[in-house]
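Listed below are the residues making up each chain.
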Amino acid sequence: MLETLAEHIHDGRFLQLIRGLLKAGYFEDWTWKRTLSGAPQGSIIGPVLSNIYLSHLDRYVETTLISAYTRGDRRKPNVAYSQLTSQIQRKRKQGKTKEVKALEKQRRELPSVDSYDPEYRRLRYCRYADDFLLGFIGPKEEAEEIKRQLGAFLQERLKLELSQTKTLITHARTETAKFLGYHISTFQRNDAHERSYYKRRVLNGKVELALPKAVIQEQCQRYMKGNKPIHRSEMENDSVFTIISFYQSIYRGIAEYYRMAHNVYQLNKLKWIMETSLTKTLAAKLKLSVRKVYEKYHATLLVDHKPYKGLQTVIQREGKKPLIAQWGGIPLQRRMGLPLNDILSPYWDARTELVQRLLADTCELCGSHADIEVHHIRALKDLKRYGRPEKPAWVKTMAARHRKTLVVCRSCHKDIHQGQPLKHHRHSKDALPESRIAAHTIVWRLKTAKSVVQKYFSRPSSCKSRTPQKA
């Protein structure tokens, strides 16, 4: 690795830093272990170092293997196919329609070119991280030779071993190869042809990307119990906006990743199960029936000028654009050229730790990233004692999340305190801002616990066997 970096980077301090990283070791079950070889898995720069190291494999395949196993401009024509074509032309001139249809059906079962042309070879290569795929047109014996050469190069040049259980030779027409979550094979459909006079077959031999059925089944099981969709009880304390956004982000991620599959439409099953689970979760939270949930949040979503049925909730904000959470509106159509839409909205569930919310550096009320602070309340029951009939947004947010903390910007924090919404009925000398109540309570409890411990150890030894009272 260091030799590879030194070929292009002439900075001794940087190389010394990388050397220290590679020898730093790692922790497993709170035990330090020495790094014997390779980069630590899970390291921030681990993927970058792996790509740099495996660039030798890329150059070897592109310059040596591909050039050796690529020859010929096009395959030779199939003699049997050409003979049937000549017969069809003669019968068509003679006006024998029935014989022409029979010969066309027979010709459709044959390839138009010689599939075993010894003068035609093609080799294609694709790698993602440590997973790579080779597409080869040729006999199995040559494919095994390519595999042997790859294994020898990895072992001699890169000191890596090629996994024999994972490195398989698969016939693309009769089997499928697993790569990055897809099932890859080639189409073989003689009934798919052009709508023109010649009716040429348009799919045979082309690469097929398929969505595995096991993926659909695995994703569906997360929202099912006893083969029926169920509600997510752990999300009942979240807001309606958060619940809908969470379901939509999960479904959008799966649909966007597998949108290049020819059978992406099979995600309709997952959509129905997730939608049923979503409506049941909202019904359990709002104490409504599923039908009333549909009536309350039903919406028609326009995507590419086409209407789609879905769910939608809108949060109006004064002086700003409203916050909109939608469910649905994702076309399940194969799309190859469009850019990937993988921008996900941030989501915090009811059990997210405060540290993670602070690291997000985002106000949970207005979305600002400036001067982030934490607003505290003494107890959740204080939210119910707020006098106004219409509770402000920050009260609703904390009540929905069932949390005593709220990450806000300084402006929102100042507005909360100026409103003085809480009534703790404390004396003026004991009155504290809400953001300090939690810390004051902790200090008081620590002082009480300390006094109890001192009182316990100051008692006679004959009485110390008794259990001290709790603070």
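Here the structure is shown first, and the text comes after it.
What you see is a predicted model; the values in this text were computed from it and never measured. (Residues numbered from 1 in each chain as written. Predicted model: local features only at pLDDT ≥ 70, side-chain atom pairs only at ≥ 80, totals over all residues. Heavy atoms only, no water.)

A. Structural detail: the overall build of the protein. Scanning the protein from N- to C-terminus turns up 15 helices and 14 strands. Residues classed as buried in the protein amount to 32% of the 471 residues present. Counting only contacts in the protein whose residues sit at least 6 apart along the sequence, the fraction spanning at least 24 positions is 60%. Counting every atom, the protein has about 32,100 Å² of accessible surface; 53% of that belongs to carbon and sulfur. (Helix = DSSP H or I, 4+ residues; strand = E, 2+ residues; numbered from the N terminus. Buried < 20%, exposed > 50% of the residue type's maximum accessible area, 1.4 Å probe, protein only. Contact = heavy atoms within 4.5 Å. Areas by Shrake-Rupley, 256 points an atom, 1.4 Å probe, with all protein chains shown as cover.)

B. Region of the structure containing the pattern of salt bridges. Evaluated as defined, the whole model comprises twelve salt bridges. R121 is paired through a salt bridge with E142; the nearest N and O atoms lie 3.0 Å apart. Taken together, the residues span a long stretch of sequence, with R121 in the loop between α5 (97-107) and β3 (122-128) and E142 in helix α6 (residues 140-156) at a distance of 21 residues. With respect to burial, R121 and E142 carry one shared label: buried. As a salt-bridge pair, R222 and E218 come within 4.0 Å of each other at their nearest N and O atoms. What makes E218 partly exposed here is its relative accessible area of 48%. Residues joined in a network through salt bridges with shared partners are E256, R259 and R335. (Salt bridge = Lys/Arg side-chain N within 4 Å of Asp/Glu carboxyl O.)

C. Here's a closer look at the packing of aromatic side chains. One pass over the full model with this rule turns up nine aromatic pairs. Taken together, a centroid distance of 5.9 Å and an interplanar angle of 85 degrees make the contact between Y69 and F136 edge-to-face. Here the residue Y69 occupies a position in the loop between α3 (46-68) and α4 (79-93), and F136 occupies one in strand β4 (residues 131-137), the gap between them amounting to 67 residues. Looking at Y69, the relative accessible area reads 11%, which means it is buried. (Phe/Tyr/Trp six-rings, centres within 6.5 Å; stacked < 30°, edge-to-face > 60°.)

D. Spotlight on the packing of α3 against α6. In the contact formed by α3 and α6, the axes pass within 11 Å of each other and the chain directions differ by 140 degrees. With respect to each other, α3 and α6 are oriented oblique. Crossing of α3 against α6: the hand is right-handed. Counted together, H56, L57, Y60, V61 and L65 of α3 and I146, Q149, L150, F153 and L154 of α6 form the full contact between these two elements. Across the contact of α3 with α6, the residue classes break down as eight nonpolar, two polar and no charged. (Axes fitted to C-alpha atoms, helices over the stretch in contact; angles between N-to-C directions. Parallel < 35°, antiparallel > 145°, perpendicular 65-115°, else oblique. Left-handed = near helix turned anticlockwise from the far one by under 90°. Nonpolar A, V, L, I, M, F, W, Y, C, P; charged D, E, K, R; others polar.)

E. Looking closely at the sheet that holds strand β6 (residues 182-186). Pairing in this open sheet of three strands is antiparallel, and the strands run β5-β6-β7 from one edge to the other. On the outer flanks of this sheet lie β5 (177-179) and β7 (207-210), each paired with one strand and no other. Between one strand and the next, the sheet's axes are offset by a mean angle of 35 degrees, whatever the strand orientation. Taken together, the four bridges between β6 and β7 define a ladder with antiparallel strand orientation. Across the sheet, I184 pairs through a bridge with L209, a residue of β7. (Pairing = 2+ DSSP bridges.)

F. Representation of the sheet that holds strand β12 (residues 320-327) in the model. Taken in spatial order, the three strands of this open sheet run β10-β11-β12, and their pairing is antiparallel. Every interior strand has two partners, whereas the edge strands, β10 (298-303) and β12, have only one. Neighbour-to-neighbour, the strand axes of this sheet turn through a mean angle of 55 degrees, independent of strand direction. Pairing between β10 and strand β11 (residues 306-317): six bridges, direction antiparallel. Bridging across to β11, V303 finds its partner in K306. This element, helix α8 (residues 240-257), spans β11 and β12 of the sheet and lies at about 55 degrees to β12. Strands in contact with helix α9 (residues 268-286) are β11 and β12; relative to β12, the strand with the most contacts, it is inclined by about 120 degrees.

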